[in-house]
Amino acid sequence: MTFSFEDFAAAVRDAASSENANTAVRELLTRTVANPEPIIAATRLDGDDEICLYEDDSVSIWVCRFQPHIVMPPHEHLLDVHIAGYSGGEKNILFRIEDGALKHDRTEIVAPGSVLTLSDDAVHAVSAEGDEPSLALHVYMGPLMKLKRALFDWETGEKIEFS
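Summary of the structure given here. (Residues numbered from 1 in each chain as written. Predicted model: local features only at pLDDT ≥ 70, side-chain atom pairs only at ≥ 80, totals over all residues. Heavy atoms only, no water.)

Structural notes on the side chain of His82
With respect to the helices and strands, the residue His82 is situated in strand β4 (residues 81-87). Side chain to side chain, His82 and Asn22 meet in a polar contact 2.7 Å long. (Helix = DSSP H or I, 4+ residues; strand = E, 2+ residues; numbered from the N terminus. Polar contact = N/O pair within 3.5 Å; in protein donor to acceptor, adjacent residues only side chain to side chain.)

Given below as structure tokens:
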């Protein structure tokens, strides 16, 4: 079986246009990463760590690689997101905001073959689990790059413009 990022993006666009888009996209991702080897074979192992495959007003589709020992600071998406792991482990450190401060809620590892769904109000920091990079398909249920989002200061919880 071969995997094509172009065919995958077309399938996600179809799922995102369905009546129950979140469920359809999550089910598609679950089926897709159940056999990660063809996706790994189709992935360039050099180059950018974040690649946008497609974006319109209904969906944004990304391939994301996170490196070990490098943590993307806490940030928001303002959209529901489905994260489907296919190589390594993507470590999602989830926070809640209490009294203007970040409070650790839980940590979720997205392993190959698994899917994590975060709601539009989620705040998380991300890194690779272990000593190898992680690879995952990220599907945001809207136009991620058009939104004015924020990073959060680890110490104070203060919002900082995400650019």
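A look at the sheet that holds strand β7 (residues 115-118)
Spatially, the five strands line up as an open sheet ordered β1-β2-β9-β4-β7, and their pairing is antiparallel. Each of the sheet's edge strands pairs with one partner strand only, and the pair in question is β1 (50-55) and β7. With direction set aside, neighbouring strand axes in the sheet form an average angle of 20°. Lying over the sheet, helix α2 (residues 21-33) contacts β4, β7 and β9 (134-140), oriented at roughly 0° with respect to β4. (Pairing = 2+ DSSP bridges. Axes fitted to C-alpha atoms, helices over the stretch in contact; angles between N-to-C directions. Contact = heavy atoms within 4.5 Å.)

What to know about the pairing of strand β3 (residues 72-76)
Working note: regular strand, side chains alternate between the two faces of the sheet. With four of its five residues buried, β3 lies for the most part within the structure. Relative to strand β8 (residues 123-129), β3 runs antiparallel, the two sharing three bridges. Within β8, the position partnered with Met72 by the bridge is Val126. (Buried < 20%, exposed > 50% of the residue type's maximum accessible area, 1.4 Å probe, protein only.)

A word on unusual backbone geometry
Located in the positive-phi region is Leu78, a residue other than glycine, with phi close to 65°. By relative accessible area, Leu78 is classed as partly exposed at 37%. Phi at Asp99 is positive, roughly 50°, even though this residue is not glycine. You can see Asp99 is positioned in the loop between β5 (89-98) and β6 (101-110). A residue is classified by how much of its surface remains accessible, and Asp99, at 83% relative accessible area, is exposed.

As for the environment of Ile160
Position of Ile160 among the secondary structure elements: in strand β11 (residues 159-161). Separated by eleven residues in the primary sequence, Ile160 and Arg149 have C-alpha atoms spaced 8.6 Å apart. Excluding anything up to four places from it in sequence, Ile160 contacts Arg149, Ala150, Leu151 and Asp153.

Quick look at the pairing of strand β2 (residues 60-66)
For β2, the buried fraction is high: seven of the seven residues fall into the buried class. Residues Ser60, Trp62, Cys64 and Phe66 point to one face of β2 and Ile61, Val63 and Arg65 to the other, with burial holding for every one of them. Bridge count between β1 and β2: five bridges; the pairing is antiparallel. The residue bridging Glu50 from the neighbouring strand is Cys64, located in β2. Where β1 folds back on β2, the antiparallel hairpin that results is connected by four residues. Inspection of the sheet shows β2 paired to β9 by seven bridges, in the antiparallel sense. If you follow Val63 over to β9, its bridge partner there is Leu137.

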